[in-house]
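Fold and geometry: a report
Each chain is listed here by its residues.
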Amino acid sequence: MKPQSIWPRREFLATLTVAGAGSAVMLNPMAAWAISEPDPRVAAIVAGTIGIDTHNHIDVPLTAADVPGPNIDLSGEMKKSGLSAICMTFAVDYQKIQKPGDAYERFINGLASMDRQLALNGMKRSLNLKDLRDAHKNQQPTTVIQSVEGGHFLEGHLNRLGEAYNRGLRHLGLLHDSDASVPLGDVFTNPAQWGGLTAFGADVIRECNRLGILVDLAHANAETVAAALKVATKPVIISHTGLDTQLGQDQNMARMMRPRLISKEQAKIVAGAGGIIGVWTHLSDSPSEYAQNVRAMVDVVGTDHVCIGTDTKLTPSYRPGGFGPKPGGPGPQPGGNPGDQHDRPPGASQNQRRFGERTNEAWADQKAGFYYTVVDAMLKLGFTADEIGKIGGGNFCRVFDAATAG
Ligand SMILES: [Zn+2]
């Protein structure tokens, strides 16, 4: 199926713009391999390991009228990336939550959109480690781990976690940018006002541990993380961050991303509790800088506690009617929708958004799909195949298994 033929015109144009901005080889990653004589170890590692992006935004409609939205080529982008799976996430507070019930409605609509997109792509959700392994064994990058960023949809109702579990949710980010109507804890980019983890937040962690949902403490401030680790009986993940010593070249970007980065001390606390920390692609301008950021995290917490959590998007954004132009409209609105700005500072230039927003175009000099590129960069920096296997997905598999088993 050619996705372009069914995408709204603006999405198609956006795709052309992205592709046109780079060199011609971006249109055909294999051409780049042919020219640069890739290290044969790269393909072997990609094929032999379960590569997982622990935080990948798949933007789908969250309003009933717009479900399921334009078809997305998720399986094609996965195949191109070399990843075996992604934690497929979305947030319901991209747009301001106006009234009670909004957050839950958006969550249910988001899941319905994803159900439909997965069916169209011949893909399934992995509910446990066996599912992940089976998908990899069949050499099909055909699986996702259903994730959501922020417990807004709960609106204080613990029983909704069970409903979400039955819909395939296996990875819950407690917090996102805004507080839920019944808050779960303090968000690291907002003034602290809840004294860390709330009583409801603690209940949510216990219920996740009981059901078998992996708890993600991204966006939580230090007090919230500390309290959460005391409550949790299963290892946790902080899926997308970076070490606060790795600030990159862009001072403006670094200043704005600074509150979202983790200190060595914090990272050690999370790892000490058996958790893992995902290194995102923000603040790295090249694959080699990214590998260095991974190395910096490994130097602090060790090879067994680091994973890859890009905070990018494998597929194009869906722009809801209320913000960007309607599907079929004249083109992207300047500035895009707030969802596009997720975890990206306001004022980031078009160029920064062009390279960095989409997983398979994370860097301007990226010559191949995401995981191929990262494995290559990690090998060049001196990581062994075994280390890459762990960081690339093995560590996530261990923690996912502990969180979801029994
Ligand atoms: Zn986030």
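Residues numbered from 1 in each chain as written. Predicted model: local features only at pLDDT ≥ 70, side-chain atom pairs only at ≥ 80, totals over all residues. Heavy atoms only, no water.

1. Remarks on helix H16 (residues 385-404)
Compared with the 28 Å implied by 1.5 Å per residue over 20 residues, the 27 Å span of H16 between its first and last C-alpha is a close match. At Ile391, H16 shows its largest kink, close to 55 degrees. (Helix = DSSP H or I, 4+ residues; strand = E, 2+ residues; numbered from the N terminus. Expected span 1.5 Å × (residues − 1). Bend = angle between axes of the 7 residues up to and from the residue.)

2. Quick word on helix H10 (residues 222-231)
For H10, the set of buried residues is Thr224, Val225, Ala228, Leu229 and Val231. Buried positions in H10, seen along its axis, are confined to an arc of 155 degrees and lie on one side of it. Buried residues belonging to H10 abut helix H9 (199-211) and helix H12 (264-272). (Buried < 20%, exposed > 50% of the residue type's maximum accessible area, 1.4 Å probe, protein only. Arc of directions from axis to C-beta. Contact = heavy atoms within 4.5 Å.)

3. A few points about the confidence of the model for the protein chain
Taken residue by residue, the protein chain gives an average pLDDT of 85. The fraction at 70 or more is 81%. Note that pLDDT drops below 50 for residues 1-29; the model gives that stretch 43 contacts with residues more than four away or on any other chain. Note on residues 31-35: pLDDT under 50 across the span, and six contacts to partners over four residues away in sequence or across chains. (pLDDT = per-residue confidence, 0-100.)

4. Section: the pairing of strand S8 (residues 276-279)
Here S8 shows no split at all, with Ile276 and Gly278 on one side and Ile277 and Val279 on the other all buried. The pairing of S8 with strand S9 (residues 306-308) spans three bridges and is parallel. Across the sheet, Gly278 pairs through a bridge with Cys307, a residue of S9. Of the crossover connections in this fold, the one passing from S8 over helix H13 (residues 287-301) to the parallel S9 is right-handed. (Pairing = 2+ DSSP bridges. Right-handed = clockwise from strand over helix to strand, strands pointing away.)

5. Quick notes on the state of the cysteines
Taken as a whole and assessed by the stated rule, the structure comprises zero disulfides. Take Cys307: it sits in no disulfide, and the sulfur closest to it among the cysteines is that of Cys87, at 8.3 Å. Classification of Cys307 by relative accessible area gives buried; the value is 1%. (Disulfide = S-S within 2.5 Å.)

6. Focus on the packing of aromatic side chains
Under the counting rule described, the total for this entry stands at six aromatic pairs. Where Phe107 meets Phe153, the ring centres are 3.8 Å apart and the plane angle is 15 degrees; that geometry is what we call stacked. You can see Phe107 sitting in helix H6 (residues 102-120) and its partner Phe153 sitting in the loop between strand S4 (143-149) and helix H8 (159-166), a full 46 residues away along the chain. We note that Phe107, like Phe153, is buried. Between Trp363 and Phe370, the aromatic rings sit 5.9 Å apart at their centres with planes inclined by 20 degrees, giving stacked as the arrangement. By relative accessible area, which is 1% here, Trp363 ends up buried. When the ring centre of Tyr104 is taken as origin, the NZ or CZ atom of Arg160, which lies over that ring, is 4.0 Å away. (Phe/Tyr/Trp six-rings, centres within 6.5 Å; stacked < 30°, edge-to-face > 60°. Lys NZ or Arg CZ within 6 Å of the ring centre and 35° of its normal.)

7. Comments concerning the nonpolar core
Counting 84 residues, the largest nonpolar core has Leu74, Leu172, Leu174 and Leu217 as its most contacted members. The greatest single-element share of this core, amounting to eight residues, is contributed by H13. The residues that make up this core include at least three from each of domain 1 (1-48) and domain 2 (50-404). In contact with Leu174, not counting residues within four places along its chain, are Gly150, Gly151, Leu184, Leu197, Val204, Ile205, Val215, Asp216 and Leu217. Core analysis: the second largest hydrophobic core is formed by 16 residues, Ile50, Ala85, Leu214 and Ile237 among them. (Core = buried A, V, L, I, M, F, W, Y, C linked by side-chain atoms within 4.5 Å. Domains from an automatic or database assignment.)

8. With respect to the pairing of strand S1 (residues 52-57)
For S1, the buried fraction is high: six of the six residues fall into the buried class. Where S1 lies against strand S2 (residues 85-89), four bridges are found, and the strand directions are parallel. Bridge pairing in S2 links His57 to Thr89. Chirality of the crossover, the property in question, places the unit of S1, helix H5 (residues 74-81) and S2 among those that are right-handed.

9. Let's talk about unusual backbone geometry
With omega at 0 degrees, the peptide bond leading from Val67 into Pro68 counts as cis. Along the chain, Pro68 turns up in the loop between S1 and H5. Of note, the phi angle at Glu155 is positive, near 45 degrees, even though the residue is not glycine. Position of Glu155 among the secondary structure elements: in the loop between S4 and H8. Since its relative accessible area comes to 15%, Glu155 is described here as buried. Even without a glycine there, the phi angle at Leu283 is positive, about 65 degrees. Looking at the element boundaries, Leu283 is found in the loop between S8 and H13. According to the relative accessible area criterion, Leu283 is buried, its value standing at 9%.

10. Things to note about the side chain of Thr143
When you line up the elements, Thr143 lands in strand S4. Taking relative accessible area as the criterion, Thr143 reaches 4% and is therefore assigned buried. There is a polar contact of 3.1 Å between the side chain of Thr143 and the backbone oxygen of Lys124. Within the structure, Thr143 has its side chain in polar contact with the side chain of Ser126 (distance 2.6 Å). Apart from residues no more than four positions distant in its own chain, Thr143 is found in contact with Met78, Ser84, Ala85, Ile86, Met123, Lys124, Arg125, Ser126, Leu132 and Ala135. (Polar contact = N/O pair within 3.5 Å; in protein donor to acceptor, adjacent residues only side chain to side chain.)

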